[in-house]
Structures are given as structure tokens and as C-alpha cells.
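Chain by chain, the residues:
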Amino acid sequence: MFKNIFRRSLSAILVLLASTLFAQNPFITNQFTADPTARVFGDRVYVYPSHDIPPAPGKGRPNWFVMEDYHVFSSGNLVDWTDHGMIVHQNKVPWVKPESYSMWAPDCIYRNGKYYFYFPSTPADTNANGKGFTIGVAVADKPTGPFVPQATPIKNVKGIDPNVFIDKDGQAYLYWSQGNIYGAKLKENMLELASEPIVLQDLPTKGLKEGPFLFERNGIYYMTYPHVENRIERLEYAVGNNPLGPFKFAGVIMDESPTGCWTNHHSFIQFKNQWYLFYHHNDLSPKFDKNRSIRVDSLFFNEDGTIRKVIPTLRGVGLSNARKVIQIDRYSEVSEQGITVDFLDTASRMKGWKVNFNQKDAWVRYNSVDFNNTNLKKLIIRNLAAEDALLELRADGKNGPLIGQIVLKKSGGWRENGFSAKAPKGVHDLYIIMKSSAPVSVDWLRFQ
Ligand code: FUB
């Protein structure tokens, strides 16, 4: 019994330790994550991403995706995320080829008291070239597991990137990709197909399509998918009046990555009256785009139901608590000149970034800081200054109410410095303005 209590407390401690405060984009920084499927279960958002790991000798195919397991993350405010730990591992699924490192993009859905986790992988009985994916299911009583994998994959499915949709009449559908996008009805048990797979029409025919995500809004069925129209993937959508189509191309949701991350993969949720797009980019691994990181930005519909293009941000979503560390390198906007962002430590990129103020009048805007209703009178800032430097903090504008004027003393290394400040109450955009000329770098700041 003591052993069990010890084990339970240890796993609770591990979950707490694994929680990450880093909540802007990318919003998970304790590991690489990709292909985020977000779901709202109760009053929390759960994200089921793929888990990229760095390539290593003997692990998977060199210079390719290396994925051995899945974690689930949750949040009640889209800002503070908890890593609930590993939920499915390749070597614990009876039908998956051991050590195949091909646990690609998953999905999870709730039905009749159970959570069904769908994932693609290489089956053990595949031929020697290791190619070919199929899709299996693991079932749990809670969104965080434990998930019990089925002994065999879903029959009659060949492909990757499962996505499940349950229509208003209760009929469930499974979608997946294999060059084209396929769809079929699922049986009530959610474990078997109830119809023959069909290729969804009339999606673009030229260029790879994958990662389907279907949702319904105001009677319109939106089939959304990454597609290589030009050189790399962008997110597109098509609309129809039936879950299995036909669909009509309706537009681009997110343009190709300007820095060249070849894949993108996404999902949509509506949470507390706001729509969000979850997607990925290779922020923490700029030189290797098979080690990706998940992001979230707000999404808006036009009155006619069309989707407004999402421009990726560093700031992401949600209110930042003024008492917690605010990573101003994940800014909302900066001056045209004088601001650069670098990794704190290129040998350990998961430590995050710093913002450099390189010249007088350079500024950073960080939106939506929640100062609450208390009088916060102190500012703590982690900075590195080669010479004395003067920064000004203001609310809601470069000439808005002054929060503090701080002199950062020349230091030989990173320092945490405290200053008196006069923070406003409520939610405000924070401006940090450089008032001197010698460069200074800031890791984070917070109020107390
Ligand atoms: O993560 C591996 C693959 O890359 C996914 O299955 C695709 O959608 C692409 O994101």
C-alpha cells in the first residue's frame, strides 16, 4: 500500500515538475511537440500533439521525424499548461512495429463516457522497407489516461493523421490522409469503420494534402488541411454541406512559413466564446524542421462564414499575470528598428529567448498584462547590460502612463534587479522603451 501511495505522490510531483510556465508561442517548451489536436473537455483545453525527439544513432530514420510516444497537455486559461506525462508508447502497443519511431499526428475524442485516442504508426507486420502506416485506437476513462491500446489497428485504413468528428445526429466519422484525404463513417463503438473509405472530393488535386481536421459551424462543414500548393505546406480549407463532402475550396487559413518549416498541422477549438487555431512551427529548432513546437493564435470568422487568415504571432493568446514572469521576447509588436531576439543559450534552446534593445527609442509592446486589482509597486527584471542603460515602462502606449523608469547598471553577467514601480490596475498593454544608447538585453520581467 505504501508503495502505491509513494508511486502516486511521485507521479503527482512529476506532473507538477513538468508543468511549464512558458505560455506564449511556442507554448510548450519542455520538449518538442507537433501536430496539435486541441479538444475542449469540460472546462479545460486538452492538447494531444505528436512528440518529436532529436535524431540519434539507432533511433528511427536519420534526418526524419523520430517519434516514440505521446504526452497530453491541459490548461484552463490557455496560458498555464500542465504536462500530464506520457500516455501511449510505441513499445506498449501490440500492433506497432517496435522501435519504429513513427507515432505521428494523433487525435482524441469523447463519446459515451470514454476518451478515444487515435494515432497512426507502422504496423509490426509491414514489409521490410518499413513503409506504410495504419491507424489504431487507445481508450481511457479520463482525458489524461491511462489509455489502453486496442490489440489491432482499425481494419481497412491505410494512412496517417487521423481526425474524428461526431455530427449533431451522433454519427461519427474518421478522416485520414494518404496523399489524398479519406473519410468513412465509424461504428457506435468508435473502433471500426461503418462504411467503405472514400476519397473526399473536390479538394485540390495537385500537391500533397494531409492532416485533415473537420468541424461544423452554423451548418457549414469545414474540411481543413495542410497542402503544398507551392513549395511547402500552408493551411487551407474547403466547405461543404455534408461531413463526407463534396467540398469546395474556400481559402487559405495560414500562409507558408516564411522561415521554411516544411510541415504545418493544425486544429480548431471554440473555448469561452473565442475560436483558436493550434498549429506548429520549428521555433526551438530553427535548423532542423523535424523538431517542431506547437503554437496557438486567435481565429475569427467573417459574417459569411469564411475564415480570416491567421497571421502567426509570438505573443499567442490569453492574459499574462503581471506577478508571473513575462517573456517580452514573445512580444506583440516592436519598433521597426533597434530590436532583435536571440536564444539565451544556443547550446540549450529550450531555455528560451532574450530581447535586445540595440538603440535609443527602440520599443517593445506586450499585450494584455493582467495587473489585477492590487497595487503592484515593484518591478523585477532579468537583464544583461554592457553599460548603464535607461528603460522606461509605460501602459497602453509609448506616451501612456508611466509605470517606471529604471537604470540597469553595467553588469558582467545576467542579473535580477528590483525597482520601484507604479503599476496600473486591470488589464493593460505594456510598453518597454529604450531611453539610452548602449545595448541591453532582457530575459523577462515581473511585478510584485
Ligand atoms: O508529424 C509527422 C507528420 O508531419 C504528420 O503526420 C504530418 O501531418 C506532418 O505534420
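Residues numbered from 1 in each chain as written. Predicted model: local features only at pLDDT ≥ 70, side-chain atom pairs only at ≥ 80, totals over all residues. Heavy atoms only, no water.

1. Digging into the pairing of strand β10 (residues 172-178)
Part 1 of the argument: Counting buried positions over the 7 residues of β10 gives 6, a clear majority of the element.
Part 2 of the argument: Looking at chain direction, strand β9 (residues 160-166) and β10 are connected through 5 bridges and run antiparallel. By the bridge assignment for β10, Ile-160 is matched with Ser-177.
Part 3 of the argument: Bridging between β10 and strand β11 (residues 180-186) involves 7 bridges; their strand directions are antiparallel. Looking at β11, one finds that Ser-177 is bridged to Ile-181. (Buried < 20%, exposed > 50% of the residue type's maximum accessible area, 1.4 Å probe, protein only. Helix = DSSP H or I, 4+ residues; strand = E, 2+ residues; numbered from the N terminus. Pairing = 2+ DSSP bridges.)

2. Description of the sheet that holds strand β23 (residues 353-357)
Picture the strands of a sheet paired through backbone hydrogen bonds; they go either parallel or antiparallel.
Part 1 of the argument: The sheet built from 5 strands is open, its strands ordered β22-β23-β30-β25-β28 with antiparallel pairing. Among the strands making up the open sheet, the edge pair consists of β22 (339-343) and β28 (415-420). For this sheet the average axis-to-axis angle between neighbouring strands, irrespective of direction, equals 35°.
Part 2 of the argument: The pairing of β23 with strand β30 (residues 440-447) spans 3 bridges and is antiparallel. Note on β30: the bridge partner recorded for Asn-356 is Ser-441. (Axes fitted to C-alpha atoms, helices over the stretch in contact; angles between N-to-C directions.)

3. Digging into the domain arrangement of the protein chain
Part 1 of the argument: For the protein chain, the assigned domains are domain 1 (2-299) and domain 2 (320-447).
Part 2 of the argument: When each unit is reduced to the centre of its C-alpha atoms, the spacing between domain 1 and domain 2 is 36 Å.
Part 3 of the argument: Each side of the interface is counted separately: domain 1 has 13 residues, and domain 2 has 10 residues.
Part 4 of the argument: The contact between domain 1 and domain 2 buries some 1100 Å² in all, and 65% of this surface belongs to carbon and sulfur atoms.
Part 5 of the argument: Across the contact surface, domain 1 and domain 2 share 1 salt bridge.
Part 6 of the argument: For Asp-80, the salt bridge is made with Lys-324, and the minimal N-O distance between the two is 3.2 Å.
Part 7 of the argument: Counting across the domain 1 and domain 2 interface gives 3 residue pairs in polar contact (both at pLDDT 80 or more). (Domains from an automatic or database assignment. Contact = heavy atoms within 4.5 Å. Buried area = accessible area lost by both parts, 1.4 Å probe. Salt bridge = Lys/Arg side-chain N within 4 Å of Asp/Glu carboxyl O. Polar contact = N/O pair within 3.5 Å; in protein donor to acceptor, adjacent residues only side chain to side chain.)

4. Section: the side chain of Glu-392
Part 1 of the argument: Relative to the helices and strands, Glu-392 resides in strand β26 (residues 389-395).
Part 2 of the argument: At a separation of 2.8 Å, a polar atom in the side chain of Glu-392 contacts the side chain of Gln-405.

5. Here's the deal with the sheet that holds strand β16 (residues 248-254)
Part 1 of the argument: Taken together, 4 strands build an open sheet; the order of strands is β13-β14-β15-β16 and the sheet is antiparallel. Strand pairing shows two members of the sheet lacking a second neighbour, β13 (213-217) and β16, which therefore form its edges. On average, each strand axis in the sheet is inclined to that of its neighbour by 30°, with strand direction left out of account.
Part 2 of the argument: One ladder, built from 5 bridges, connects β13 with strand β14 (residues 220-227); its direction is antiparallel. Across the sheet, residue Leu-214 finds its bridge partner in β14, namely Met-223.

6. A short note on the site of the ligand
Part 1 of the argument: In the region of the ligand, the neighbouring residues are Asp-35, Phe-65, Met-67, Trp-104, Ala-105, Ile-160, Asp-161, Glu-210, Thr-263, His-265, His-280 and Arg-292.
Part 2 of the argument: Asp-161 places a polar side-chain atom, nitrogen or oxygen, 2.4 Å from an oxygen atom of the ligand.
Part 3 of the argument: Contact with the protein chains covers 99% of the free accessible surface of the ligand, which is 270 Å².
Part 4 of the argument: By residue class, the composition of the shell around the ligand is 5 nonpolar, 3 polar and 4 charged. (Near = heavy atom within 4 Å. Areas by Shrake-Rupley, 256 points an atom, 1.4 Å probe, with all protein chains shown as cover. Nonpolar A, V, L, I, M, F, W, Y, C, P; charged D, E, K, R; others polar.)

7. Some details on the environment of Asp-388
Part 1 of the argument: Within the fold, Asp-388 resides in the loop between β25 (378-385) and β26.
Part 2 of the argument: Accessibility expressed as a relative area gives 39% for Asp-388, which makes it partly exposed.
Part 3 of the argument: Each C-alpha atom, one on Asp-388 and one on Ser-437, is 9.3 Å from the other, the two residues being 49 residues apart in sequence.
Part 4 of the argument: Apart from residues lying up to four places away in sequence, Asp-388 is in contact with Leu-408, Lys-409, Lys-410, Ser-436 and Ala-438.
Part 5 of the argument: A distance of 3.5 Å separates polar atoms of two side chains, one belonging to Asp-388 and the other to Lys-409.
Part 6 of the argument: A polar atom in the side chain of Asp-388 sits 2.8 Å from the backbone nitrogen of Lys-410.

8. A look at the side chain of Asp-289
Part 1 of the argument: Within the secondary structure, Asp-289 sits in the loop between β18 (274-281) and β19 (293-299).
Part 2 of the argument: Among the residues examined, Asp-289 registers a relative accessible area of 18% and is labelled buried.
Part 3 of the argument: Of note is the side chain of Asp-289, whose polar atom sits 2.7 Å from the side chain of Lys-290.
Part 4 of the argument: Dropping the residues within four chain positions of it, Asp-289 is found in contact with Gly-260, Cys-261, Trp-262 and Asn-282.

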